[in-house]
Amino acid sequence: MSVNKVILVGNVGKDPEVRNLDAGVKVANFTLATSETYTAKNGEKVTTTEWHNIVLWRGLADVAEKYVTKGRQLYIEGRLRTRSYDDQSGNKRYITEIYGDVMQLLGNRESAENRGIANGRSNQTDSFQPAPAPEIEAPEGDEDLPF
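These numbers come from a predicted model, not from an experiment.

K.L.:
Got a sec to walk through the overall build of the protein chain? Specific residues and values, please.
P.N.:
On a plain count of helices and strands, the protein chain comes out with two helices and six strands. Sequence-ordered secondary structure for the protein chain, helices as α and strands as β, is β-β-β-β-α-β-β-α. Within the protein chain, residue pairs in contact and separated by at least 24 positions form 57% of the contacts whose partners lie at least 6 positions apart. When the accessible surface of the protein chain is summed, it comes to about 10,500 Å², and 48% of that surface belongs to carbon and sulfur atoms.

K.L.:
Just give me the short version of the layout of surface pockets, but keep the residues and values in it.
P.N.:
Reported here for the largest pocket is a volume of approximately 220 Å³. In terms of lining residues, the largest pocket is bounded by 16 residues, among which Asn29, Ile54, Val55, Arg83 and Glu97 are the most central. Looking at the lining of the largest pocket, the elements that each hand over two or more residues are β2 (17-20), β3 (26-39), β4 (45-57) and β6 (92-106). Looking at the lining of the largest pocket residue by residue, the classes come out as eight nonpolar, three polar and five charged.

K.L.:
Describe the nonpolar core, with residues and values.
P.N.:
Core analysis: the biggest nonpolar cluster contains 18 residues, and Phe30, Ile54, Val68, Leu74 and Ile76 have the highest contact counts within it. The greatest single-element share of this core, amounting to four residues, is contributed by helix α1 (residues 58-67). Among residues more than four places away in sequence, those in contact with Ile54 are Leu8, Ala28, Asn29, Phe30, Leu32, Ile76 and Ile98.

K.L.:
An account of the pairing of β6 is requested, with residue identities and associated values reported.
P.N.:
Two elements, β4 and β6, share three bridges in a ladder whose sense is parallel. Within the sheet, the bridge partner assigned to Val55 lies in β6 and is Tyr99. Pairing of strand β5 (residues 73-86) with β6, which is carried by 14 bridges, proceeds in the antiparallel orientation. Paired with Arg79 across the two strands is Tyr99, which belongs to β6. With antiparallel pairing between neighbouring strands as the criterion, β5 and β6 make up a hairpin whose turn holds five residues, including Gly90 at a positive phi of roughly 85°.

K.L.:
Quick one: what's the story with α1, residue by residue and with numbers?
P.N.:
An α-helical turn contains 3.6 residues, so a residue and the one three or four places further along point in the same direction. Those residues of α1 lying buried are Ala61, Val63, Ala64 and Tyr67. The arc enclosing the buried residues of α1, seen along the axis, measures out at 160°, which places them on a common side. Exposed and facing more than 90 degrees away from the buried side of α1 are Arg58 and Lys66.

K.L.:
Break down the side chain of Lys26 for me, citing the residues and quoting the values.
P.N.:
On the secondary structure map, Lys26 appears in strand β3. Residue classification places Lys26 among the buried positions, given a relative accessible area of 19%. Polar contacts involving the side chain of Lys26 include one to the side chain of Glu65, which spans 2.5 Å. Each residue touching Lys26, except ones within four places of it in the same chain, is listed here: Val18, Arg19, Asn20, Leu56, Trp57, Arg58, Ala61, Asp62 and Glu65.

K.L.:
If you had to explain the environment of Asp86 to someone new, which residues and values would you point to?
P.N.:
Inspection of the secondary structure puts Asp86 in strand β5. Each residue touching Asp86, except ones within four places of it in the same chain, is listed here: Asn91 and Lys92.

K.L.:
Could you give an account of the packing of aromatic side chains, naming the residues involved and the relevant values?
P.N.:
Two numbers describe a pair of aromatic rings. These are the distance of the centres and the angle of the planes. Per the stated rule, a full pass over the model turns up one aromatic pair. Ring plane angle 45° and centroid distance 6.3 Å describe the contact between Trp57 and Tyr99, whose orientation is recorded as tilted. Of this pair, Trp57 sits in strand β4 while Tyr99 sits in strand β6, and the two are 42 residues apart along the sequence. Above the face of the Tyr99 ring, Arg81 is positioned so that its terminal group lies 5.0 Å from the ring centre.

The rules behind each value
Here the residue numbers are simple positions, counted from 1 along each chain's written sequence. In keeping with the model being predicted, local features are shown solely for residues with a pLDDT of at least 70 and side-chain atom pairs are shown and tallied solely at 80 or more, while totals for entire chains, interfaces and linings include all residues. With hydrogens and water stripped out, all remaining heavy atoms of the structure feed into the side-chain values. What counts as a helix is a DSSP run of H or I of at least four residues, what counts as a strand is a run of E of at least two, and both are numbered from the N terminus. When checking whether two residues touch, look at their non-hydrogen atoms; a contact exists if any pair is within 4.5 Å. Residue exposure ignores everything except the shown protein chains as possible cover, and the areas themselves are Shrake-Rupley values with a 1.4 Å probe. Using a grid of 1 Å spacing that covers the protein atoms alone, one calls a set of points a cavity when a 1.4 Å probe fits there but cannot get out, and a pocket when the set is open and has protein on both sides within 12 Å along at least five of seven lines; lining residues are those with an atom within 4 Å of a point. Grid points are joined across faces, edges and corners, and a volume is the space filled by probe spheres set on the points. In this count, Pro and Cys sit with the nonpolar residues alongside Ala, Val, Leu, Ile, Met, Phe, Trp and Tyr, while Asp, Glu, Lys and Arg are called charged and the others, Gly among them, polar. The criterion is simple. A nonpolar core is a set of buried Ala, Val, Leu, Ile, Met, Phe, Trp, Tyr and Cys residues joined through side-chain atoms within 4.5 Å. Accessibility here uses a 1.4 Å probe with only protein chains present; expressed as a share of the type maximum, an area under 20% marks a residue as buried, one over 50% as exposed, and anything in between as partly exposed. Pairing between strands is defined by DSSP: at least two bridges between them are needed. Each direction from the helix axis to a C-beta atom contributes to the arc, which is the arc of those directions. Counted as a polar contact is a pair of N or O atoms within 3.5 Å, where, for protein atoms, one must be capable of donating a hydrogen and the other of accepting one, and residues adjacent in sequence contribute only when both atoms are in side chains. Centre distance within 6.5 Å is the pairing criterion for rings of Phe, Tyr and Trp, where only the six-membered ring of Trp is used; planes under 30 degrees apart are then read as stacked, over 60 as edge-to-face, and the remainder as tilted. Working rule: Lys NZ or Arg CZ, within 6 Å of ring centre, within 35 degrees of ring normal, means a charge sits over the ring.

See below:
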């Protein structure tokens, strides 16, 4: 058995690029930045940022096209995919992408703009609300659990 699962919470680096492929299938591509802050030995705070290439298909691409903008905070759940291509010079290049299966919008557009991340879109409140997570009931007889 193997597992290929990625969970990210970060900020969108650029507005999604959305394309329509054959048979009306949509695909959205954008970058997502995740940051980590730690204190170095000398006491200085250091922040490192990792950039992730996000790919969303079909319905999620529709949602991204309508609601995802630069600076928006997102929760993305998906899987890693690496593909190769030949660049203009004929050299083989590799790119690792996150194929998103779940996306949730976090925060709101106004809070992104208040942080100084203007996106040129209206300030209206988003009408998209992700479905709530299903409630899971604890099984009866949990006294048999080993912890």
